[in-house]
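Read off the chains here:
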Amino acid sequence: MTTPPVPTVDEIRLLPKVVLHDHLDGGLRPQTILELAEPIGHQLPANDAESLGRWFVDAADSGSLVKYLETFDHTIAVMQTAESLERVAREAVIDLAADGVVYAEQRWAPEQHLRGGLSLQEAVEAVGRGLAQGEQTVRDAGGEIIARQLVTAMRHADRSQEIAALTLANKGKHGVVGFDIAGAEKGFLPSLHSAAFDMLNKGLVPATVHAGEADGVASIEDALTAGHAVRLGHGARIVEDIQGTEEAMRKRGKADLSELVVGPVAAWVRDRRIALELCPSSNVQTATAVSVREHPISLLKNLGFAVTVNTDNRLMSGTSMTREMHLLATEADWILDDFLAVTLTAAWNAFIGFDERQELVEKLVLPRATVVREERKSL
Ligand SMILES: [Zn+2]
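- Where an unreviewed UniProt entry is consulted, the chain appears under the name adenosine deaminase, with the organism given as Flavimobilis soli.

Describing helix α3 (residues 49–60)
Owing to its 3.6 residues per turn, the α-helix aligns residues three or four sequence positions apart on the same side.
Reasoning step 1: Its twelve residues give α3 an end-to-end C-alpha distance of 17 Å, which sits within 8% of 16 Å, the value for a rise of 1.5 Å per residue.
Reasoning step 2: Within α3, the full set of buried residues consists of L52, G53, F56, A59 and A60. When α3 is viewed along its axis, its buried side chains cluster within an angular range of 135 degrees and face the same direction.
Reasoning step 3: With a side-chain oxygen lying 3.2 Å from the backbone nitrogen of E50, the N-terminal cap of α3 falls on D48.

Quick look at the coordination of the zinc ion
Reasoning step 1: At 2.1 to 2.4 Å from the zinc ion lie its protein donor atoms, namely H21 (NE2), H23 (NE2), H210 (NE2) and D312 (OD).
Reasoning step 2: In this structure, the zinc ion is surrounded by four donor atoms whose angles at the metal cover 84 to 172 degrees, and the resulting shape is irregular.
Reasoning step 3: On the primary sequence, the residues serving as donors to the zinc ion are separated as H-x1-H-x186-H-x101-D. In this pair, H23 sits in strand β1 (residues 17–23) while H210 sits in strand β5 (residues 207–211), placing the two residues 187 residues apart along the sequence. Here the two residues H23 and H210 agree in accessibility, since each one is buried.

Considering the sheet that holds strand β4 (residues 176–182)
Reasoning step 1: Pairing is parallel in the open sheet, where eight strands are placed in the order β1-β2-β3-β4-β5-β6-β9-β10. The two strands at the open ends of the sheet, each matched to only one other strand, are β1 and β10 (307–309). Each strand of the sheet is rotated relative to its neighbour by a mean of 25 degrees, with strand direction disregarded.
Reasoning step 2: By the bridge criterion, three bridges tie β4 to β5 in an arrangement that is parallel. Within β5, the position partnered with D180 by the bridge is T208.
Reasoning step 3: Most of the contacts of helix α10 (residues 217–225) go to β5, to which it runs at about 165 degrees, and overall it touches β5 and β6 (231–234).
Reasoning step 4: Relative to the sheet, helix α18 (residues 354–377) contacts β1, β2 (101–108) and β3 (146–154), its axis offset from that of β2 by approximately 130 degrees.

A short note on the environment of W348
Reasoning step 1: With respect to the element layout, W348 can be found in helix α17 (residues 336–348).
Reasoning step 2: The class for W348 is partly exposed, based on a relative accessible area of 32%.

A few points about the side chain of Q80
Reasoning step 1: Along the polypeptide, Q80 turns up in the loop between α5 (72–77) and α6 (82–98).
Reasoning step 2: The exposure class assigned to Q80 is buried, which follows from its relative accessible area of 8%.
Reasoning step 3: From its side chain, Q80 meets the backbone oxygen of I76 in a polar contact 2.9 Å long.
Reasoning step 4: Of note is the side chain of Q80, whose polar atom sits 2.9 Å from the backbone oxygen of Q112.

Criteria and cut-off values
- Each chain carries its own residue numbering, running from 1 in the direction its sequence is written.
- Under the rules for a predicted model, residues below a pLDDT of 70 receive no local features and side-chain atom pairs below 80 are neither given nor counted, while totals for whole chains, interfaces and linings still include all residues.
- To obtain the side-chain values, all non-hydrogen atoms of the structure were used and water was disregarded.
- Helix and strand assignments follow DSSP, with helices taken as H or I runs no shorter than four residues and strands as E runs no shorter than two, numbered in order from the N terminus.
- One less than the residue count of a helix, multiplied by 1.5 Å, gives the span that helix is expected to have.
- Burial classification: accessible surface area is computed with a 1.4 Å probe over protein chains only, and a residue below 20% of its type maximum counts as buried, one above 50% as exposed, and the rest as partly exposed.
- Picture the helix axis, draw a direction to every C-beta atom, and the arc is the one those directions span.
- Here a polar contact means two N or O atoms within 3.5 Å. Within protein one must be a hydrogen donor candidate and the other an acceptor candidate, and residues neighboring in sequence count only if both atoms are side-chain atoms.
- Coordinating donors are taken to be N, O and S atoms lying within 2.8 Å of the metal, or within 3.2 Å when the metal is Na, K or Ca; because water is excluded from the atom set, some sites may appear incomplete.
- For a four-donor site, all angles between 85 and 135 degrees give tetrahedral; for four or six donors, opposite pairs above 155 degrees with the remaining angles between 65 and 115 give square planar or octahedral; all remaining cases count as irregular.
- Pairing between two strands requires that DSSP report at least two bridges joining them.
- Axes, fitted as lines to C-alpha atoms, cover a helix only where it is in contact. Angles between the N-to-C directions of the axes lie from 0 to 180 degrees.
- In what follows, residue pairs with any heavy atoms lying within 4.5 Å of each other are defined as contacts.

Given below as structure tokens:
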């Protein structure tokens, strides 16, 4: 058997991609930040787009989640009006489509965008308009992308019940498809927000929860039990509930399940096929993983977990879906079929309805993947 050639950047860019974990306030174009900051007098650490882009990556590279989160002070500062939220959402959709993304969920926390006088509802509507404009712009140019929003509550704040009610009230409107909590994970377990999660669960709104990034297995377990999480934001540290993984991680994730002892939380996540929204570069920046090569994503994929590849914050990580996948190809030996597999897993775990997911897979993912495969064969 011959080893398939390493997928090229161009091939990966052409592949249809699905991103479930991409923060709206972490994906701005540096030029847009400059243009939005000027009229409101917000001081930025750099005055041209290139240096500003570099500053975000360097600041986020510090190896601490808390430092990483500080970079958001600047992006959030320029997203305090309906116009700016609309623009940022529109541009995000256009940029993702240019990267070959056919379905994207954009998450953001409305409670952080009220300083300019917007209400929570007005903020959600502004983002909904921006996403729809982005979809339309892409369609006008002959492309296709579906963009939805996840309403996020900040876990270290105390507005989660209000945000859960906001999500419930907007379910199926303005592109709202689900709920998330974000912010400092350690010390802020999902169960602190049980009332919010229970409200959403009773209202049949799906939740994903940031867990298993800056904290371990207990945080993941709490996201599943108290947070009713049907997906996990990151979830990378689920490997801490599997004994004997060190050697397998060094071997780029090549391991046999029979050599490992799977704990109860990892077994639940694997058996229930709870999607893991893994974000390799982001995890390396915050020191959740040593490198993309040794990131648990490869092991988890090989062990049959429902793995998806995500960007987290394109601006802070200087990344894109194509870049994340290319890193996995070059550093961790992923092949084209692996990318198609994680894309299908992501598509089937999107928070849109089953019919819409079916259409997404049949009309956007599979036909485009076939084109890339055929082109490869004809080389
Ligand atoms: Zn995140």
